[in-house]
Amino acid sequence: YDPLIILDHEDQPQPYLAESLEPNSDLTEWTLKLRSGVRFHDGSELNAEVLKWNFDTLHNVPTSNTFGAINSAGITDLEVVDRLTVVYHLSEPNAAFPDSLRGSLGWPTSQKAYEELGEDLGEQPVGTGPFMFEQWTRDDRFVVVRNPNYWRTDDDGNKLPYLDAIEFRPLPDEDSRYQSLAADSVQVM
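Small disclaimer: the values here were computed from a predicted structure and weren't measured. Residue positions within a chain follow its written sequence, with the count starting from 1. A pLDDT threshold of at least 70 governs which residues receive local features in this predicted model, and a stricter bar of 80 or more applies before side-chain atom pairs are shown or counted, although totals over entire chains, interfaces and linings include all residues. Only hydrogens and water are set aside when side-chain values are computed; all heavy atoms of the structure are taken into account.

Trainee: I'm lost on the pattern of salt bridges in this one. Help?
Mentor: Opposite charge on two side chains makes pairing possible when the charged atoms of those side chains draw close. Should a side-chain nitrogen of Lys or Arg be within 4 Å of a carboxyl oxygen of Asp or Glu, the pair is scored as a salt bridge. By the definition in use, this model includes seven salt bridges. One salt bridge connects Glu-167 with Arg-141, and the closest N-O pair in it is separated by 2.5 Å. Of the two residues, Glu-167 is situated in strand E9 (residues 165-168) and Arg-141 in strand E8 (residues 141-146); the sequence distance between them amounts to 26 residues. Categorising residues by exposure relies on relative accessible area from a 1.4 Å probe, with only protein chains included: less than 20% of the type maximum marks a residue as buried, more than 50% marks it as exposed, and the intermediate range marks it as partly exposed. Of the residues examined, Arg-141 reaches a relative accessible area of 24% and is grouped as partly exposed. One salt bridge connects Glu-167 with Arg-169, and the closest N-O pair in it is separated by 2.9 Å. Judged by its relative accessible area of 37%, Glu-167 is partly exposed. Shared partners join several salt bridges into a network, and the residues in it are Asp-140, Arg-141, Glu-167 and Arg-169. Numbering of helices and strands runs from the N terminus, with a helix taken as a DSSP run of H or I at least four residues long and a strand as a DSSP run of E at least two residues long.

Right under this line is the structure:
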């Protein structure tokens, strides 16, 4: 998953999936404009309607693990303005609001994938990030592959990410970790 907002090298919030995030004069409304052309791993578009669906269906429900974050940030509603623009309405001024969109509230999930997979989406995540889910075997490995349609490029215009795949393997035993590194069967630990 890519977040809507990230921190820059000076720990200041900056748009990421968002193109911009601007408050009104009293910090009770924050207008977020999404980048054009961002797609989920399943090919569906990240747009304002999908962001609104994420808010209403996944986040702003009492059983959600993000419901407390919504209340803490004072978010009362998310309004769709146009295809790529939404307005977060807050119950009171909140200068720290952009920080709320760096965590779970700011990691959009594919509506299409949720409607197709339902509860199984947790086992087969579909986001907008540089890598796509390929395989997960509990206590053995988690494999992700390069997202060929990833929206970011480097400074020279080359598509990111550079890696074709990453395999994560849990190695709880310290001796096993060391032996795996020494045998070059793992490259990083």
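Trainee: I tried to follow the pairing of strand E6 (residues 85-90) on my own but got confused; where do I start?
Mentor: In regular strands, side chains alternate between the two faces of the sheet. Taken across its six residues, E6 has six buried, putting it largely inside the fold. Pairing between strands is defined by DSSP: at least two bridges between them are needed. In this sheet, E6 lies alongside strand E4 (residues 29-34) in antiparallel orientation, the contact comprising five bridges. Looking across to E6, one finds that Thr-31 is bridged to Val-87. Sheet topology places strand E5 (residues 75-82) next to E6; six bridges connect them, and they run antiparallel.

Trainee: How should unusual backbone geometry be read in this particular structure?
Mentor: If a residue is not glycine, its phi is most likely negative; likewise, a peptide bond is most likely trans. Residue Leu-160 is joined to Pro-161 through a cis peptide bond whose omega torsion reads -5°. When you line up the elements, Pro-161 lands in the loop between E8 and E9. Its identity as a non-glycine residue notwithstanding, Leu-27 has a phi of 60°, on the positive side. Looking at the secondary structure, you find Leu-27 in the loop between strand E3 (18-23) and E4. For Leu-27, a relative accessible area of 25% corresponds to the partly exposed category. Positive phi, normally seen in glycine, also occurs at Asp-139, with a value near 60°. The topology assignment puts Asp-139 in the loop between strand E7 (131-137) and E8.

Trainee: Sorry, what's going on with the sheet that holds E3 here?
Mentor: Strand order across the open sheet formed by four strands is E3-E4-E6-E5, with antiparallel pairing between neighbours. With one partner strand each, in any of the chains shown, E3 and E5 form the two edges of the open sheet. Across the sheet, the mean angle separating the axes of adjacent strands is 20° when strand polarity is ignored. In this analysis, two residues are considered to be in contact whenever any of their non-hydrogen atoms come within 4.5 Å of each other. Only C-alpha atoms enter the line fits that serve as axes; for helices the fit covers just the stretch in contact. Angles between N-to-C directions range over 0 to 180 degrees. Sheet contacts for helix H1 (residues 48-59): E4, E5 and E6; angle to E5, the most-contacted strand, approximately 165°.

Trainee: Would you explain the pairing of E3 in this entry?
Mentor: Sheet topology places E3 next to E4; five bridges connect them, and they run antiparallel. Within E4, the position partnered with Glu-22 by the bridge is Thr-31. Hairpin geometry of E3 and E4 is characterised by an intervening segment of five residues between the two adjacent antiparallel strands and by a positive phi of about 60° at Leu-27.

Trainee: Could you clarify how one ought to interpret the layout of surface pockets in this entry?
Mentor: Unfilled space is identified by rolling a water-sized probe across the atoms. Only protein atoms enter the 1 Å grid used here. Points where a 1.4 Å probe fits but cannot escape make up a cavity, open sets with protein on both sides within 12 Å along at least five of seven lines make up a pocket, and a residue lines them when an atom lies within 4 Å of a point. Grid points are joined across faces, edges and corners, and a volume is the space filled by probe spheres set on the points. Here the largest pocket is characterised by a volume of approximately 490 Å³. Surrounding the largest pocket, 19 residues form its lining, Tyr-1, Leu-58, His-59, Asn-65 and Thr-109 being those nearest its centre. With four residues, H1 is the single largest residue contributor to the lining of the largest pocket. All amino acids are sorted into three groups, where Ala, Val, Leu, Ile, Met, Phe, Trp, Tyr, Cys and Pro are nonpolar, Asp, Glu, Lys and Arg are charged, and the leftover types, Gly among them, are polar. For the lining of the largest pocket, a count of residues per class yields seven nonpolar, eleven polar and one charged. Each pocket or cavity is described by its volume, and for the second largest pocket that value is around 300 Å³. In this structure, the second largest pocket is lined by Ala-165, Ile-166, Glu-167, Phe-168, Arg-169, Leu-171, Arg-177, Ser-185, Val-186, Gln-187, Val-188 and Met-189. The greatest single-element share of the lining of the second largest pocket, amounting to four residues, is contributed by E9. The residue makeup of the lining of the second largest pocket, split by class, is seven nonpolar, two polar and three charged.

Nothing here speaks to function; it is all geometry.
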